[in-house]
Amino acid sequence: MEEDTDFRIRFSSLCFITDHVGFHGTIKSSPSDFVVIEIDEQGQLVNKATDEPIDKISKALPKPNNFAKKTKLDLQNVSLEEGSDQEVNTLAGFSNDDQNHQTGSEKEDIINDGTSKCEEEKVDVLGSLLDKKTSELLNQFACAIKEKWDSKTELIGPSPEFLLGTILDKNQRAILHSAIRQKFPFLITVGKNSEIVVKPNLEYKELLHLVSEEEALDFFKYLDAKKENSKFTFKPDTDKDHRKAVHHFVNKKFGNLVETKSFPEPNCNAGNPNIVITVRFREKAHKHRKRSLLECQERKVIYTAFTLRKENLEMFEAVGFLAIKLGVIPSDFSYAGLKDKKAITYQAMVVRKVTPERLKNIEKEIAKKRMNVFNIRSVDDSLRLGQLKGNHFDIVIRNLKNQVHDSANLRERILEAIENVKNKGFVNYYGPQRFGMGRKVHTDQIGLALLKSETVKAVKLFLTPEDLDDPVNRAKKYFLQTEDAKGTLSLMPEFKVRERALLESLHRFGMTEEGCVQAWFSFPHSMRIFYIHAYSSKIWNEAVSYRLTTYGPRVVEGDLVCLDEGGDDEHFPSSKVVLPVLGYNIQYPKNKVGQWYQEILSRDGLQTCRFKVPALKLNVPGCYRKILKQPHNVSYQLIEEHDTDVKAEGSHIDEAILSLLISFDLDASCYATVCLREIMKHDF
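Residues numbered from 1 in each chain as written. Predicted model: local features only at pLDDT ≥ 70, side-chain atom pairs only at ≥ 80, totals over all residues. Heavy atoms only, no water.

## Thoughts on the packing of aromatic side chains
As a reminder of what qualifies: We call Phe, Tyr and Trp rings a pair once their centres come within 6.5 Å, taking the six-membered ring for Trp, and we label the pair stacked below 30 degrees between planes, edge-to-face above 60, and tilted otherwise. Secondary structure elements follow DSSP: runs of H or I no shorter than four residues count as helices, runs of E no shorter than two count as strands, and numbering proceeds from the N terminus. Note on classification: 1.4 Å probe, protein chains only; a residue is buried when its accessible area is under 20% of the maximum for its type, exposed when over 50%, partly exposed between these limits. Remark: a charge is flagged as sitting over a ring if the NZ atom of Lys or the CZ atom of Arg is within 6 Å of the ring centre and within 35 degrees of the ring normal.
According to the stated counting rule, one finds 28 aromatic pairs in the structure shown. Judged by centre distance (5.6 Å) and plane angle (35 degrees), the rings of Phe393 and Phe664 are tilted. Taken together, the residues span a long stretch of sequence, with Phe393 in strand β14 (residues 390-402) and Phe664 in strand β23 (residues 652-667) at a distance of 271 residues. Residues Tyr588 and Tyr597 carry aromatic rings whose centres are separated by 5.0 Å and whose planes lie at 45 degrees to one another, so their mutual orientation is tilted. Like Tyr588, the residue Tyr597 is buried in the burial classification. Three or more aromatic residues joined by ring pairs make a cluster, and in this case those are Phe184, Phe186, Tyr204, Phe219, Phe220, Tyr222, Phe232, Phe234, Phe249, Phe254 and Phe281. Between the NZ or CZ atom of Lys28 and the centre of the ring of Phe34, over which it lies, the distance is 4.5 Å. Over the ring of Phe186 we find Lys146, and its NZ or CZ is 5.8 Å from the ring centre.

Structure below.
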């Protein structure tokens, strides 16, 4: 099959970072040979039974004053000068963790400077809610943002964030949200799973281009206060074009909440009148917001958390089956990450609008699909992608053999390989399962079509059959031949939830561009964005191969480096190097790799792509990914399995066949198959 050949070529061309010989072996002989257990943000394996009542679990979480710290990426292009011994100069970051790269005196200067420049309020609500250290860090974060903007310096890379931590009390969270916005109108606060994240208010910065700092501060304070029947007035203005720009900004950004009108200033010159712009809350919108808040307090959304164990089952198929049994839709489920199909996997999930009792009632039904649910409990919010520390793997590699033409001791080769990767790491490629290994159409091809708004092509790619004679592929083949969605539905098996949802939409809306847009909305947002992420992942894999082929693993001029807490980074500097995963909010390396990205985008017809697909409500900001990673907590054991071979003359030869049991932890978004590829020097 041509596509499979292309896939094998793509992965056999990936680089290695280590120089050992490696060995051959077979992985995933059965699902039980590949066990994946998610590690939650507290570092606990999710397959452990949680018998404690919910109130005890909540009490174990950090209290409002014990704020967790979360490392954020701060990026800097590396500039290497002759005679510098290739030391990497870095900018001071915005997160508290980044400040650990500074000396004590530098930190003190920043704090003292920040305290003098930030306005002090007479009644400091924050002081009563935050401990002294957290208040100082918040002030410092605010001042750092303010000084950057005052100096007309653009914020580089991802928007900096300050994480206050988990705050379980909803009323306390609401007070904190308001207090922070009132004290620092140039910041915004975002709620994430009982946490408060503080970010720069980019709309405030945009307004600064139109009005004075005083007006901008007062305007955002007015918006946040939401006082009924109140109004806000900008300073008098004789410039009609300027007033028009202010009107446009306010209505574009906040038109669903407020309305603007212009009035002549009293007692002004009739020949050249001063006009003032007045902002008022829209009456209906304001009352609706208040009513919605009360309704939310009275009718709380139900969230039920659980651990899902599945065996040899694709995750989206598992979610679709659960949705049918529970009478909800797939988008009501949230999870921290995707898991392998041919494996036994354990992962945390949360489902909306389903009680714990309802979920327990379907346990026997879902067991027939090789699924189990346990640790079922009520929670306050859904999960988000990336809300995990990593994954633990227990893997059996069978039929171990030397590489071709290698006569060295096999045991020594295996131990050498494992120790080498423990110490040097592996290239942090996205694994082949992300792209639909072994299929005619890969997920990245669908993602590219969606990025180019080719929704009809994307539908046809999704419904492309494999060269197999079974009901699913016969139905797909019929559809491509006829585009008869109704007829294909009658052929498609009930368990193919995604395919049937897509076909039902096509039957309703037709096989037109608009019809296919509606059909893609039959998938939850997480699945639509998954295909675009697959394309971005493919390009990242190609980029890191080009980077390593061109420069090797060393840090070079123009590289992007990550300034988070380093662990072993001082002894392993190349582990700081990151490459961008495509999106609208990234910067490229300022060397040959950056040029390579532009050439690849042109090759794929995306030279003008903004990585936003409005028709499908898809926005891809992009991110940064380290090019090298290391496994943690590695342990292994060699096991002999004896195979008796009967020869023709009746003699018996007892041959020992080696298997390797290996366990390790990987950070979130790292692939065990990629780590094993580096260990074995073998493409699967």
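## What to know about the sheet that holds strand β4 (residues 162-166)
The criterion, for reference: Two strands pair if DSSP finds at least two bridges between them. Comment: axis = line fitted to C-alpha atoms, over the contacting stretch for helices; angle = value between 0 and 180 degrees taken between N-to-C directions.
Here we have 3 strands laid out as an open sheet, ordered β4-β6-β5, and antiparallel in their pairing. Every interior strand has two partners, whereas the edge strands, β4 and β5 (187-192), have only one. The mean inter-strand angle of the sheet, taken between neighbouring strand axes irrespective of direction, is 20 degrees. Bridging between β4 and strand β6 (residues 195-200) involves 4 bridges; their strand directions are antiparallel. Paired with Thr166 across the bridge in β6 is Glu195.

## Re the sheet that holds strand β8 (residues 258-264)
Backbone hydrogen bonds are what pair the strands of a sheet, in a parallel or an antiparallel way. Spatial ordering of the open sheet is given by β7-β9-β8, a layout of 3 strands whose pairing is antiparallel. Of all strands in the sheet, those bounded by a partner on one side alone are β7 (231-233) and β8. With direction set aside, neighbouring strand axes in the sheet form an average angle of 25 degrees. Across 7 bridges, the pairing between β8 and strand β9 (residues 275-281) is antiparallel. Looking across to β9, one finds that Ser262 is bridged to Ile277.

## Notes on the packing of helix α21 (residues 525-551) against helix α22 (residues 592-603)
What counts, and what does not: Note on convention: near helix rotated counterclockwise from far helix by under a right angle means a left-handed crossing. Clockwise means right-handed. The contact rule is simple, with two residues in contact once any of their heavy atoms fall within 4.5 Å. Charged means Asp, Glu, Lys or Arg here, nonpolar means Ala, Val, Leu, Ile, Met, Phe, Trp, Tyr, Cys or Pro, and polar covers whatever is left, Gly included.
α22 packs onto α21 with a crossing angle of 140 degrees between their chain directions and a minimal axis gap of 10 Å. Handedness of the crossing formed by α21 with α22: right-handed. When α21 is examined against α22, the residues Lys538, Ile539, Trp540, Glu542, Ala543, Tyr546, Arg547, Thr550 and Tyr551 are found in contact with a partner set consisting of Lys592, Val593, Trp596, Tyr597, Ile600 and Arg603. In the contact of α21 with α22, the residues fall into 9 nonpolar, 1 polar and 5 charged.

## Focus on the confidence of the model for the protein
Filter applied, for reference: Per residue, pLDDT measures the predictor's confidence, with a range of 0 to 100.
On average, residues of the protein score 80 in pLDDT, and 77% of them are at 70 or above. Considering only residues more than four positions removed or in separate chains, one finds that residues 1-5, a stretch of pLDDT under 50, has 8 contacts. Segment residues 80-123: pLDDT under 50, and 63 contacts once partners within four positions in sequence are set aside and those in other chains are kept.

## Structural notes on the pattern of salt bridges
Oppositely charged side chains can form a pair if their charged atoms are brought close together. The line we're drawing: When a carboxyl oxygen of Asp or Glu is within 4 Å of a side-chain nitrogen of Lys or Arg, the pair counts as a salt bridge.
Following the criterion strictly, the structure yields 31 salt bridges and no others. A salt bridge links Arg352 to Asp332; its shortest N-O distance comes to 2.8 Å. With a gap of 20 residues between them, Arg352 in strand β12 (residues 344-352) and Asp332 in the loop between α11 (315-326) and β11 (333-335) connect regions that are remote in the sequence. A relative accessible area of 3% means that Asp332 is categorised as buried. Across the pair Arg411 and Glu640 runs a salt bridge, and its minimum N-O distance is 2.7 Å.

## Comments concerning helix α6 (residues 170-183)
In plain terms, the rule: One less than the number of residues in a helix, times 1.5 Å, gives the span that helix is expected to have.
Relative to the 20 Å expected for 14 residues at 1.5 Å per residue, α6 spans 20 Å between its end C-alpha atoms, a close match to the ideal helical length. Turning to α6, its buried residues number three or more, namely Arg173, Leu176, His177, Ala179, Ile180 and Lys183.

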